[in-house]
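Structural features, examined
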Amino acid sequence: MGRDDQRKRNSELLDEAVSQELPRGKGQGASAAQQMIMMSPGGHEHLTREQKKEKLILEGFSGYSWGERISFTVGLTYFSMCTLGAAKGLIEGVPKRWDVPKKLILNNFFNSVGRSAARFGNTSAAASLMYCVIGKTMTVFFEDELANLTPFQTNVLIGAMTGGLFKSTLGLIPFVTGTVLGAAFIAALNTAVDQLNERGMIEFEMKF
């Protein structure tokens with residue numbers, strides 16, 4: 001099936017899912033597309049037709065989730081770490097002496113903030129991109145091997161691989177350090193996301 005045919009089929013399935021009346025329960029009367037909406041967090045009754053369609057697309061029903069997921073992950077990581085880097089730059093940009101021209105003080109602040117924000121943002125965005133690519137590659141080529149692992153274990157494994165690969169060019173000790181830090185960071189992040197999901201504060205999960 002060509003790409004255009006697949007997109008047409010996906011669009012037909014989406015139209016079928018959002019146009020039919022959904023039963024109140026998850027019985028045998030509901031189609032697979034209907035059950036998909038009923039199982040989605042937040043329900044469907046308050047959504048318009050276009051919102052329902054967009055919700056199904058974001059949940060991976062149409063096959064476009066990879067691009068949206070990687071854009072969301074890298075973009076959010078870049079923005080968050082740029083903010084953290086800018087805060088660090090502000091602290092580092094505080095002059096030791098204030099009896100200097102204001103122009104020099106401002107230049108020092110801007111240089112420190114820009115340098116720190118760019119370093120934090122670019123490094124973290126590259127690491128998150130590697131994480132997404134490694135995770136996708138693992139799930140495609142090692143699907144059977146990963147089937148026995150929980151999503152948490154899979155994320156930690158991919159995080160360890162990403163951290164090790166990211167620091168591998170610096171030597172053995174940085175490689176081991178990166179592996180441990182990558183696994184620890186993803187484990188902590190995964191736990192935080194699960195907690196926020198349980199409290200209803202977010203509606204996305206860390207899984208491939």
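We now turn to the structure provided with this report. (Residues numbered from 1 in each chain as written. Predicted model: local features only at pLDDT ≥ 70, side-chain atom pairs only at ≥ 80, totals over all residues. Heavy atoms only, no water.)

Counting its regular elements, the protein chain contains eight helices and zero strands. Put simply, the protein chain runs from its N terminus to its C terminus through helices and strands in the order α-α-α-α-α-α-α-α. When the accessible surface of the protein chain is summed, it comes to about 14000 Å², and 62% of that surface belongs to carbon and sulfur atoms. (Helix = DSSP H or I, 4+ residues; strand = E, 2+ residues; numbered from the N terminus. Areas by Shrake-Rupley, 256 points an atom, 1.4 Å probe, with all protein chains shown as cover.)

A few words on a nonpolar patch on the surface. Side chains of Leu-172, Phe-175, Val-176 and Val-180 sit close together on the surface and give an oily, nonpolar patch of about 380 Å² of accessible area. Look at Phe-175 and you get partly exposed, because its relative accessible area is 36%. (Patch = residues over 30% accessible without salt bridge, like charges linked within 9 Å, V, L, I, M, F, W, Y side chains within 5 Å. Salt bridge = Lys/Arg side-chain N within 4 Å of Asp/Glu carboxyl O. Buried < 20%, exposed > 50% of the residue type's maximum accessible area, 1.4 Å probe, protein only.)

What follows is about the nonpolar core. Among the nonpolar cores identified, the biggest contains nine residues, and these are Tyr-131, Ile-134, Met-138, Leu-146, Ile-158, Ile-186, Val-193, Ile-202 and Met-206. In terms of residue count, the dominant contributor to this core is helix 5 (residues 102–141) (three residues). Among all residues touching Leu-146, those that are not within four sequence positions of it are Met-138, Thr-139, Thr-154 and Leu-157. (Core = buried A, V, L, I, M, F, W, Y, C linked by side-chain atoms within 4.5 Å. Contact = heavy atoms within 4.5 Å.)

Per the stated rule, a full pass over the model turns up one salt bridge. Residue Glu-92 pairs with Lys-88 through a salt bridge whose shortest N-O separation is 2.2 Å. Pair noted here: Glu-92 and Lys-88 are both in helix 4 (residues 65–92), with a separation of four residues, about one helical turn. A relative accessible area of 30% places Lys-88 in the partly exposed class.

Moving on, we come to helix 7 (residues 151–166). End to end, helix 7 covers 22 Å across 16 residues, agreeing with the expected 22 Å (1.5 Å per residue, within 8%). Listed as buried for helix 7 are Thr-154, Asn-155, Val-156, Ile-158, Gly-159, Ala-160, Thr-162, Gly-163 and Gly-164. In this structure, the buried side of helix 7 is in contact with helix 5, helix 6 (143–146) and helix 8 (172–198). (Expected span 1.5 Å × (residues − 1).)

Let's shift gears to the packing of helix 5 against helix 7. With their axes 9 Å apart at the nearest point, helix 5 and helix 7 run at an angle of 125 degrees to one another. With respect to helix 7, the element helix 5 is oriented oblique. Once helix 5 is placed against helix 7, the crossing between them reads as right-handed. In contact with Thr-123, Ala-126, Ala-127, Met-130, Tyr-131, Ile-134, Gly-135 and Met-138 of helix 5, helix 7 contributes Asn-155, Leu-157, Ile-158, Gly-159, Met-161, Thr-162, Leu-165 and Phe-166. Of the residues that constitute the contact of helix 5 with helix 7, the class distribution is eleven nonpolar, five polar and no charged. (Axes fitted to C-alpha atoms, helices over the stretch in contact; angles between N-to-C directions. Parallel < 35°, antiparallel > 145°, perpendicular 65-115°, else oblique. Left-handed = near helix turned anticlockwise from the far one by under 90°. Nonpolar A, V, L, I, M, F, W, Y, C, P; charged D, E, K, R; others polar.)

This part takes up helix 8. Under the 1.5 Å per step criterion, the end-to-end length of helix 8 is 39 Å for 27 residues, consistent within 8% with the ideal 39 Å. Looking at helix 8, one finds that the buried residues are Gly-178, Gly-182, Ala-183, Ile-186, Ala-187, Asn-190 and Val-193. Against helix 5 and helix 7 lie the buried residues of helix 8. At the C-terminal side of helix 8, Gly-200 shows a positive phi close to 75 degrees.

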